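Single-letter residue listing:
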Amino acid sequence: MVGNPQMEDLAKITAENFTADTGITVRFTILPENELRDRVTQDVATQGGQYDVATIGAYEAPIWAQNGWLHELSSYADADSGYDKADLLGPAVASLSGADGKLYAAPFYGESSFLMYNRELFAAAGLTMPERPTWQQVADFAARLDDKQAGVAGICLRGLPGWGELFAPLTTVVNTFGGTWFEQDWTPKVNAPEFTAATKFYVDLLRAHGQPGAPQSGFTECLNTFGQGKAAMWYDATSAAGTLEDPNSSTVAGKVGYAYAPVDKTDSAGWLWVWALAMPKTTKNADAAWQFISWATGKEYERLVGATLGWSRVPAGKRQSTYEIPEYRDSAAAFADITLKSIQEADPVNPGVQPRPALGVQFVGIPEFADLGTKVSQEVSAAIAGQVSVDKALADGQRLAEEAAARHR
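Residues numbered from 1 in each chain as written. Predicted model: local features only at pLDDT ≥ 70, side-chain atom pairs only at ≥ 80, totals over all residues. Heavy atoms only, no water.

The name given to the protein in an unreviewed UniProt entry is Sugar ABC transporter substrate-binding protein, and the organism recorded there is Micromonospora radicis.

J.: Honestly, the overall build of the protein in this entry has me stumped. Any pointers?
T.: When its secondary structure is counted, the protein shows 17 helices and six strands. Relative to the 2.2 N^0.38 estimate, which gives 22 Å for 409 residues, the radius of gyration of the protein is 21 Å and therefore close to what a compact globule would have. Referenced to the eigenvectors of the C-alpha coordinate spread, the extents of the protein come out at roughly 55 × 50 × 30 Å. Looking at the 409 residues of the protein, the share that counts as buried comes to 59%. Considering only residue pairs separated by 6 or more positions, the protein has 72% of its internal contacts joining residues 24 or more positions apart. Positive and negative side-chain charges in the protein, numbering 32 and 49 respectively, have mean positions lying 3 Å apart. (Helix = DSSP H or I, 4+ residues; strand = E, 2+ residues; numbered from the N terminus. Rg over C-alpha atoms; globule rule 2.2 N^0.38 Å. Buried < 20%, exposed > 50% of the residue type's maximum accessible area, 1.4 Å probe, protein only. Contact = heavy atoms within 4.5 Å. Lys, Arg positive; Asp, Glu negative; His and termini not counted. Charge placed at Lys NZ, Arg CZ, Asp CG, Glu CD.)

J.: For this particular structure, what's the right way to read the sheet that holds strand β1 (residues 54–57)?
T.: Sheet strands pair by backbone hydrogen bonding; their relative direction is either parallel or antiparallel. An order of β1-β6-β2 is seen for the three strands of this open sheet, with the pairing classed as antiparallel. The open sheet has two free edges, formed respectively by β1 and β2 (106–111), since each of these has just one partner strand. Taken pair by pair, the neighbouring strands of this sheet meet at an average axis angle of 25 degrees, ignoring direction. One ladder, built from five bridges, connects β2 with strand β6 (residues 273–278); its direction is antiparallel. (Pairing = 2+ DSSP bridges. Axes fitted to C-alpha atoms, helices over the stretch in contact; angles between N-to-C directions.)

J.: Just checking my understanding: could you explain the sheet that holds strand β4 (residues 233–237) for this structure?
T.: Spatial strand order, β4-β3-β5: three strands in an open sheet with antiparallel pairing. Two strands bound the open sheet, and with one partner strand each, they are β4 and β5 (256–260). The sheet shows a mean angle of 30 degrees between the axes of neighbouring strands, direction not considered. In this sheet, β4 lies alongside strand β3 (residues 113–118) in antiparallel orientation, the contact comprising five bridges. Each residue of the ladder has a partner; that of Phe114, found in β4, is Asp236. Relative to the sheet, helix α15 (residues 336–345) contacts β3 and β5, its axis offset from that of β5 by approximately 20 degrees.

J.: Help me understand the side chain of Thr266, please; the structure alone is not making it clear to me.
T.: Structurally, Thr266 is set in the loop between β5 and β6. Within the structure, the side chain of Thr266 is placed 2.6 Å from the side chain of Thr176, a separation counted as a polar contact. Of note is the side chain of Thr266, whose polar atom sits 2.8 Å from the backbone oxygen of Ser268. (Polar contact = N/O pair within 3.5 Å; in protein donor to acceptor, adjacent residues only side chain to side chain.)

J.: Even after reading the chapter, I still don't get unusual backbone geometry, so can you show me in this structure?
T.: Glycine aside, a negative phi is what most residues show, and trans is what most peptide bonds show. For Asp84, which is not glycine, the phi torsion reads 55 degrees and is therefore positive. For Asp84, the location among the structural elements is in the loop between α4 (74–79) and α5 (90–95). Among the residues examined, Asp84 registers a relative accessible area of 30% and is labelled partly exposed.

J.: Help me out: how do you make sense of helix α9 (residues 193–209) in this one?
T.: In an α-helix, one turn spans 3.6 residues; hence positions three or four apart end up facing the same way. Spanning 17 residues, α9 covers 24 Å between terminal C-alpha atoms, matching the ideal 24 Å at 1.5 Å per step. Among the residues of α9, Phe195, Thr196, Ala198, Thr199, Phe201, Tyr202, Val203, Leu205, Leu206 and His209 are the ones counted as buried. Looking at the buried side of α9, the elements it contacts are α7 (135–145), α8 (167–176), α16 (369–384) and α17 (390–406). (Expected span 1.5 Å × (residues − 1).)

J.: Can you walk me through the environment of Leu340 in this structure?
T.: Here Leu340 is to be found in helix α15. Using a relative accessible area of 12% as the deciding quantity, one classes Leu340 as buried. If we ignore the near neighbours within four places in the chain, the residues touching Leu340 are Leu89 and Tyr323.

J.: I tried to follow the pairing of β3 on my own but got confused; where do I start?
T.: Burial runs high along β3: six of the six residues are buried. Residues Ser113, Leu115 and Tyr117 point to one face of β3 and Phe114, Met116 and Asn118 to the other, with burial holding for every one of them. Judged from the five bridges that link them, β3 and β5 form a sheet pairing that is antiparallel. Considered in β5, the bridge of Leu115 is made with Ala259.

J.: Could you clarify how one ought to interpret the pattern of salt bridges in this entry?
T.: Should their charged atoms come close, side chains of opposite charge can pair. A complete count under the given rule lists 23 salt bridges for this structure. Residue Arg313 pairs with Asp246 through a salt bridge whose shortest N-O separation is 2.9 Å. Within this pair, whereas Arg313 is found in the loop between α13 (299–309) and α14 (326–331), its partner Asp246 is found in the loop between α11 (241–244) and β5, the two being separated by 67 residues in sequence. As far as the burial class goes, Arg313 and Asp246 line up, both buried. Here Arg329 and Asp337 are joined by a salt bridge, their closest N and O atoms 3.2 Å apart. Given a relative accessible area of 34%, Arg329 falls into the partly exposed group. Among the ionic contacts, a cluster of salt bridges with common partners joins Asp9, Lys12, Asp246 and Arg313. (Salt bridge = Lys/Arg side-chain N within 4 Å of Asp/Glu carboxyl O.)

Written out as structure tokens, the structure reads:
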């Protein structure tokens with residue numbers, strides 16, 4: 001599993017609940033996001049058989065299903081009377097389904113992206129955050145609230161290389177600035193004016209008003225920075241809100257405001273992602289693996305988390321029924337509605353201003369994108385560190401995109 005808070009909660013409560021009830025022992029390997037992707041991809045692609053269950057996402061599920069690497073889960077879910085597959089949110093199911101319409105991973109939590117801001121810092125500066133801010137407004141706020149003397153950055157943004165780290169937020173900025181990785185006919189546009197403008201904006205904003213160590217900051221680092229009151233704003237995953245509202249892990253609990261993903265040329269810009277539990281074809285414990293997947297992604301697990309760890313920590317964004325639980329709605333009142341609406345507004349078919357050749361908001365749904373996005377992210381991270389220019393980074397990226405496009409034309 002990826003080492004995000006919701007997954008760490010799962011590891012904590014499995015033995016005394018799932019194992020106690022079923023007798024099935026679960027051994028966890030929890031890794032940072034980039035390392036998880038490398039390890040799981042290598043194992044599943046080579047049929048290594050190391051894992052009975054693996055955490056994958058909306059990018060991998062349809063591609064790996066096509067490759068024949070995963071068990072389909074629809075038959076398990078349909079035969080499991082307590083699972084209630086119909087309760088799963090449509091965007092989550094669609095993003096985890098194969099071309100045959102079957103489910104190939106069960107959603108653990110779903111997310112879009114939004115802007116989180118410290119309401120106390122905004123109030124002290126006499127600033128008001130719009131419900132739907134523009135990126136220029138965000139940049140202006142960051143300049144006003146940046147207080148290096150007090151150790152508070154104007155904004156926290158990911159700068160850590162990785163297609164799913166740096167380029168998750170950055171691709172949404174590219175989309176709303178009018179850019180795209182590829183046009184519908186597979187013409188690469190990585191060094192086009194719109195892609196360049198978005199990347200320069202992001203890099204300049206981070207260099208001027210971002211957190212210290214930005215080139216090494218991913219989701220986890222920004223969660224810690226913002227959660228300890230060291231940044232006035234943070235644009236990232238909606239799933240972060242539950243941790244931020246937990247006073248046991250956050251000093252800004254009760255002080256956070258939430259706004260929709262900032263925009264420029266589009267009406268909305270939030271990404272769409274699902275972390276999910278999949279069963280590699282190589283598992284020798286399929287029935288036990290499904291029992292665990294069913295428990296961890298089911299309704300009763302959410303109630304268990306709420307009752308034992310706190311309702312704000314429920315892994316939400318995957319089931320309609322979650323948003324009908326009174327305790328969850330009370331605990332997540334600050335962010336539940338905007339999270340659900342952001343997920344529903346995300347459009348993986350048309351996330352920008354031009355038609356796309358493949359599905360994906362913050363990624364391009366082709367096998368080559370993991371390598372392409374990661375290599376270009378390394379160059380952009382170097383630009384954030386002041387080691388190369390954005391123009392040089394994207395010129396190199398355009399050449400790599402040409403190679404990927406040649407396989408699809």
